[in-house]
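The chain contents come next:
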Amino acid sequence: MDNREQYGRCLVFAGGGFRFAYYLGVHAAAEECGRAPDVLLASCGGAIAAAVIAGLPDRDARLKWVASSAMYGFLRAIRPADRATPLRTLGGAFGRWLDRRSAVRIPDLFHDYLFDLPAALPLPSTRVPGAPAVAIVGGKLLFDPVDAGRERGARQLFSQVVFGPERAALLLDGSPAPAADPRWSSGAVAARLQVDSRMPMHDAVRISLADMFYFSSPACAGGQYTGGVLDLFPIELAQRLAHEVIMERKTPFNPWLALPALRTVLGIDGAARLRHVHEQRADAWIDTRDVMQALRAHGIGKRIGWRRNRIELEVPDTHAAYAAQVRTQWEYGYQKGLSALKGKTQ
């Protein structure tokens, strides 16, 4: 087989945050409908689901892994960062909402974040035969800690990167970076996509998780990185990877928090980017626009711990409660996948 031959089918896991278990349900529905993907293109929380799918042989083993005590312990071990005080965090968010400019200053992604991730991610250590290939979206920093706070000017601050196997890298090599398109980007993202077929899966997942203001910028393989939020909806890359694309219709970005963060840090108009994605061709659309409402009580959220003077994660108090959340997320994704794919078996 020519390594530049497109995959048959790409399923995009576009974010998901701490509700990433619903992607396991979407994938199970795709398998059941005869539309199992040959490649998964994932970002942020979706990267965890992609790694679990690639490393375990069936839907039951994957669900069990995500609902395991190891995954629960990992999430419980995420701690508030030293600088994650409520007044500082809320003041920063309010300042970004007031500032209508795009990426004027170089952000401090090394110190200005909410949570510290544990060192080890509880992911499968091998890839099972016949599993889909996994490509993961991240961003590489083009600046150093000493630059934080300086005026950006016309300087490029980020490169969009896709980590994946050599075949995916060859298919994407030379592609323009969707995050850099001038229809929504102010020029802080480099125009050319970077591909990396050497980064270990665990490191690629960790990079993609490290969204700005949530987690610190991870250092891997001599570079400094940021998360998959740089491009949560890489439909153009999915179209280059595969003949057939299965994509989500996503809920709009939060106008008070997410849109200002994308604009001031990445120089990206997130609303314009999402509108463009929804106007593109996909062979099937998984409609998850109601995910925040449907899973509001079934996911890990944030709270203000005024007595401890920290922004904290709301992780269930017991493993059993966490496992129930995971099962609810899985069922949501499974039903959404069936609704979009049932009757379209190919």
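Structure: above.
Residues numbered from 1 in each chain as written. Predicted model: local features only at pLDDT ≥ 70, side-chain atom pairs only at ≥ 80, totals over all residues. Heavy atoms only, no water.

1. Considerations on the overall build of the chain
A count of helices and strands for the chain gives 12 helices and 14 strands. Scaling as 2.2 N^0.38, a compact globule of 346 residues should have a C-alpha radius of gyration of about 20 Å, and the chain matches this with 19 Å. Taking the principal axes of its C-alpha atoms as reference, the chain extends roughly 50 × 50 × 35 Å. Expressed as a percentage of the 346 residues in the chain, the buried residues total 56%. (Helix = DSSP H or I, 4+ residues; strand = E, 2+ residues; numbered from the N terminus. Rg over C-alpha atoms; globule rule 2.2 N^0.38 Å. Buried < 20%, exposed > 50% of the residue type's maximum accessible area, 1.4 Å probe, protein only.)

2. What to know about the packing of aromatic side chains
Taken as a whole and judged by the stated rule, the model has 13 aromatic pairs. Ring centres 4.5 Å apart and planes at 25° place the aromatic pair Phe 13 and Tyr 23 in the stacked group. Of this pair, Phe 13 sits in strand E1 (residues 7-14) while Tyr 23 is found in helix H1 (residues 22-32), placing the two residues 10 residues apart along the sequence. Considered together, Phe 13 and Tyr 23 belong to a single accessibility category, that of buried residues. In this structure an aromatic cluster arises from ring pairing among Phe 13, Tyr 22, Tyr 23 and Tyr 332. The ring centre of Trp 97 lies 5.1 Å from the NZ or CZ of Arg 100, which sits over that ring. (Phe/Tyr/Trp six-rings, centres within 6.5 Å; stacked < 30°, edge-to-face > 60°. Lys NZ or Arg CZ within 6 Å of the ring centre and 35° of its normal.)

3. Topic: the environment of Val 265
Considering the arrangement of structural elements, one finds Val 265 in helix H9 (residues 258-266). With relative accessibility at 3%, the residue Val 265 sits in the buried group. A sequence separation of 77 residues divides Val 265 from Ala 188, and the C-alpha atoms of the two residues are 8.6 Å apart. Setting aside residues up to four positions removed in sequence, Val 265 forms contacts with Ala 103, Pro 107, Leu 109, Phe 158, Met 212 and Phe 213. (Contact = heavy atoms within 4.5 Å.)

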